[in-house]
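In case you want the letters, here they are:
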Amino acid sequence: MQSLRAALRFSTRFVQLYTRAVPPLSRTHSVPSYNVLTTRTIMGNSQSSTDEPVSRPETVVPMQTDAPVTAKRTATEAAEPSSQAEGDESDPLHYLKRDLLTNVSEQFKVEVKGLPRHAKVPDIKRLAKKLNLPCKKVRKSHSDIAYICFESAEVQEAAIAALNGYEYKKHVLKARVGKPISDPYVAQNRKGGRDPAAKRAKTAEEEGKTPEELIALRTAPYCEVPYPEQLVRKQDALTSMLEKCGRAMTSKKGGYVDWAAANMKALGGVPCPLLEMVASPVLDEYRNKCEFTIGTAADGKTVTVGFQLGQYAEGIIAIAEPTLVPHVPESFKKLARHLQTFVRQDSVLLPYHRLKHTGHYRQVTIRVSRSGELMMILQMSNKGVDQGQVDEESAKLKTFVEKVNADGIPLNHLLVQIDNSASGLTDPE
């Protein structure tokens, strides 16, 4: 627990909202149960600096707010931005208008052609430094093309002037303004071949499945296959992989050719012995950590806590509940349903919209100890949240934990992690 807290503090700000009074533990200690409840600050700019529980709320540091959050919507209302939102589902370059600092790599990009194929990113950075061109990012393709990103239009223009016609290792370079990459979500859905709400079935086995059944198949592809057959398939897959390695080893000259050839002849085509697959004593609910996304279902409106049906780059942001996923513990599913009900009905804050970059609740991580006690980490954005909403949400989250415990779910720790970064198109290249 201590190492986890330290890692969280190292990566991003987080504050502890609710915990039982549990003393620091060593690896050899089990987690004791206590009934003393304590409260910590939520969503403030303050940072937790100790692992010891406290018996009184800390002072909340006021946060920067852009615009107050409006009144709560109904349970099935979408977390849709207003018409004044900066994102536009019809514009594949909408992200360039949202935040100049975040998307500087696409704002002032230069495309350079004619580079030696063996040139690496460090080589290109050294070239930019030699020409006194401070670059923010460099990407080299597999051919002779590289993309160099700068922090201003002035440097971009200077880079084009300096690089166009420049002779680099006997190669004459060509430079021009780099074209910004399109938002993959918008680009996919503009083609008309993708369902913007839910990903289409990839195989015949997925045809006619509900979103919950699709999530089960995509997170546990063998979930509908009897376990003995699963072992056979996995054994066959490893055998095929070793046979491929053996053929590669014997096709080239080297010290392993004779050894591999002899082993493949003696072992039936594999270059080394392959032991039998060992069956697991636990088949279901074996995960001790799960991350669920907080968003909307395939209808684009119903707030849902679960797994994403596909990738953002494929034009999918819909979420399905993990009801049928076999390796997710039942306690995780129950806790996710409690959180889903809370965001739908009780919270004054909205789920985060990955395209519009509005809303607050983004993701939840649930962990379980060997004693069965749970810890939940809520990842949120606090943009546009005023102090009154901070206090109101803190009180509601404490009530939420009490309801969860009353339902027999041993939730001992609730942490809130503040993350205001953009998602979806974090790295267009």
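Residues numbered from 1 in each chain as written. Predicted model: local features only at pLDDT ≥ 70, side-chain atom pairs only at ≥ 80, totals over all residues. Heavy atoms only, no water.

**Thoughts on the overall build of the chain**
Threshold: Numbering of helices and strands runs from the N terminus; a helix is a DSSP stretch of H or I covering at least four residues, while a strand is a stretch of E covering at least two. The buried label goes to any residue with under 20% of its type's maximum accessible area, the exposed label to any with over 50%, and the partly exposed label to all in between, with areas taken from a 1.4 Å probe on protein chains only. The contact criterion used is simple: two residues touch if any of their non-hydrogen atoms lie within 4.5 Å. Under the convention used here, a 1.4 Å probe and the Shrake-Rupley method define accessible areas, while residue burial counts only the protein chains that appear.
The secondary structure content of the chain amounts to eleven helices and 14 strands. Per-residue burial over the chain gives 42% buried out of 429 residues. Excluding contacts between residues fewer than 6 apart, the proportion of contacts in the chain whose partners are at least 24 apart in sequence is 66%. Accessible surface, the chain: about 23100 Å² in total, of which carbon and sulfur atoms supply 52%.

**Comments concerning helix 5 (residues 153–163)**
Side chains that are three or four residues apart share a direction in an α-helix, a result of its 3.6 residues per turn. Defined as follows: The arc in question is formed by the directions pointing from the helix axis toward the C-beta atoms.
For helix 5, the complete set of buried residues consists of V155, Q156, A159, I160 and L163. For helix 5, the buried positions fall inside an angular range of 140° around the axis, keeping them on one side. Along helix 5, exposed side chains directed more than 90 degrees from the buried face belong to E154, E157 and A161. Directly after helix 5, the chain includes G165, whose backbone phi takes a positive value near 90°.

**Some words on helix 11 (residues 387–406)**
Defined as follows: Given a helix with a known number of residues, its expected span is that number minus one, times 1.5 Å. Any pair of N or O atoms that falls within 3.5 Å is considered a polar contact. Within protein, one atom must be able to donate a hydrogen and the other to accept it, and sequence-neighbouring residues count only if both atoms are side-chain atoms.
Over its 20 residues, helix 11 extends 29 Å from the first C-alpha to the last, a length consistent with the 28 Å expected when each residue adds 1.5 Å. Buried residues of helix 11: Q389, V390, E393, S394, L397, F400, V401 and V404, and no others. In an axial view of helix 11, the angular spread of the buried residues amounts to 135°, which keeps them on one side of the axis. At the N-terminal end of helix 11, a side-chain oxygen is found 3.2 Å from the backbone nitrogen of G388, two or three residues along, and the residue is D386. Of the residues flanking the end of helix 11, it is G408, one or two places downstream, whose phi is positive at about 85°.

**Considering the packing of aromatic side chains**
Test applied: A pair of Phe, Tyr and Trp rings is counted when the ring centres sit within 6.5 Å of each other, with Trp represented by its six-membered ring. The angle between the planes then sorts it: under 30 degrees is stacked, over 60 is edge-to-face, the rest tilted.
On inspection of all chains with the given rule, the structure shows three aromatic pairs. Ring centres 5.2 Å apart and planes at 50° place the aromatic pair F292 and F307 in the tilted group. Within this pair, whereas F292 is found in strand 9 (residues 289–296), its partner F307 is found in strand 10 (residues 303–308), the two being separated by 15 residues in sequence. Judged on exposure class, the residue F292 and its partner F307 are both buried. Look at F342 and Y361: their rings are 6.4 Å apart centre to centre, the planes differ by 85°, and that puts the pair in the edge-to-face class.

**Quick word on the nonpolar core**
If you look at soluble globular proteins, the nonpolar side chains tend to sit buried side by side. As a reminder, the rule being used: Nine residue types can take part in a nonpolar core, namely buried Ala, Val, Leu, Ile, Met, Phe, Trp, Tyr and Cys, and a core is a set of them joined through side-chain atoms within 4.5 Å.
Ranked by internal contacts, the top residues of the largest apolar core, which has 40 residues, are F292, L339, Y361, V364, M376, L378 and F400. Elements with a minimum of two residues in this core: helix 7 (211–219), strand 9, strand 10, helix 10 (330–346), strand 12 (361–368), strand 13 (374–380), helix 11 and strand 14 (411–418). Counting residues per element, this core draws most heavily on helix 10, at six residues.

**A word on the side chain of E373**
Here E373 lies in the loop between strand 12 and strand 13. By relative accessible area, which is 10% here, E373 ends up buried. There is a polar contact of 3.3 Å between the side chain of E373 and the side chain of N412.

**Quick look at the pattern of salt bridges**
Our working rule: Note on definitions: salt bridges are taken to be side-chain nitrogens of Lys or Arg within 4 Å of carboxyl oxygens of Asp or Glu.
Applying the stated rule across the entire model yields seven salt bridges. Of the charged contacts in the structure, one is a salt bridge between E224 and K209, with a shortest N-O distance of 3.2 Å. In this pair, E224 sits in the loop between helix 7 and helix 8 (227–250) while K209 sits in the loop between helix 6 (184–190) and helix 7, placing the two residues 15 residues apart along the sequence. Assessed through its relative accessible area of 52%, E224 is described here as exposed. The class of K209 is partly exposed, set by a relative accessible area of 25%. The salt bridge partner of E229 is R233, with a shortest N-O separation of 2.8 Å. Here E229 pairs with R233, and both are found in helix 8, just four residues apart, close to one helical turn. Taking the relative accessible area as the measure of exposure, R233 reaches 35% and is therefore partly exposed.

**Considerations on the pairing of strand 13**
Keep this limit in mind: Only strands that DSSP links by at least two bridges are regarded as paired with each other.
Among the seven residues of strand 13, seven are classified as buried, and the element is accordingly described as predominantly covered. Neither face of strand 13 is left uncovered, since the one carrying L374, M376, L378 and M380 and the one carrying M375, I377 and Q379 both have all their residues buried. In this structure, strand 12 lies alongside strand 13, joined through seven bridges in antiparallel fashion. Bridge assignment links R367 to a residue of strand 13, and that residue is M375.

**Some points on the confidence of the model for the chain**
Filter applied, for reference: Per-residue confidence from the predictor is reported as pLDDT, which spans 0 to 100.
Here the chain shows a mean pLDDT of 74. Residues at 70 or above account for 66%. Predicted confidence for residues 18–87 stays below pLDDT 50, and this span has 161 contacts to residues more than four positions away or in other chains.

**Some thoughts on the sheet that holds strand 8 (residues 174–177)**
Each strand in a sheet pairs with another by means of backbone hydrogen bonds, the pair being arranged parallel or else antiparallel. The test is simple: Only C-alpha atoms enter the line fits that serve as axes; for helices the fit covers just the stretch in contact. Angles between N-to-C directions range over 0 to 180 degrees.
If you trace the four strands from one edge of the open sheet to the other, you get 4-5-3-8, paired in antiparallel fashion. Looking at the sheet topology across the chains shown, the edges are occupied by strand 4 (137–140) and strand 8. The sheet shows a mean angle of 20° between the axes of neighbouring strands, direction not considered. Strand direction decides the pairing type here: strand 3 (residues 109–113) and strand 8, joined by four bridges, are antiparallel. Within strand 8, the residue paired with E111 across the bridge is R176. Across the face of the sheet, helix 4 (residues 121–130) comes into contact with strand 4 and strand 5 (146–149) while running at roughly 135° to strand 4.

**With respect to the packing of helix 10 against helix 11**
Cut-off, in case you're wondering: Take the far helix as the reference: if the near one is turned anticlockwise from it by less than a right angle, the crossing is left-handed, and if turned clockwise, right-handed. For this classification, the nonpolar set comprises Ala, Val, Leu, Ile, Met, Phe, Trp, Tyr, Cys and Pro, the charged set comprises Asp, Glu, Lys and Arg, and every other residue, Gly included, is treated as polar.
Contact geometry for helix 10 and helix 11: axes closest at 11 Å, N-to-C directions at 145°. The element helix 10 and its partner helix 11 pack so that their crossing is right-handed. Listed contacts from helix 11 to L335, H338, L339, F342 and D346 of helix 10 are E393, K396, L397, F400, K403 and V404. Its residues assigned to classes, the contact of helix 10 with helix 11 shows six nonpolar, one polar and four charged.

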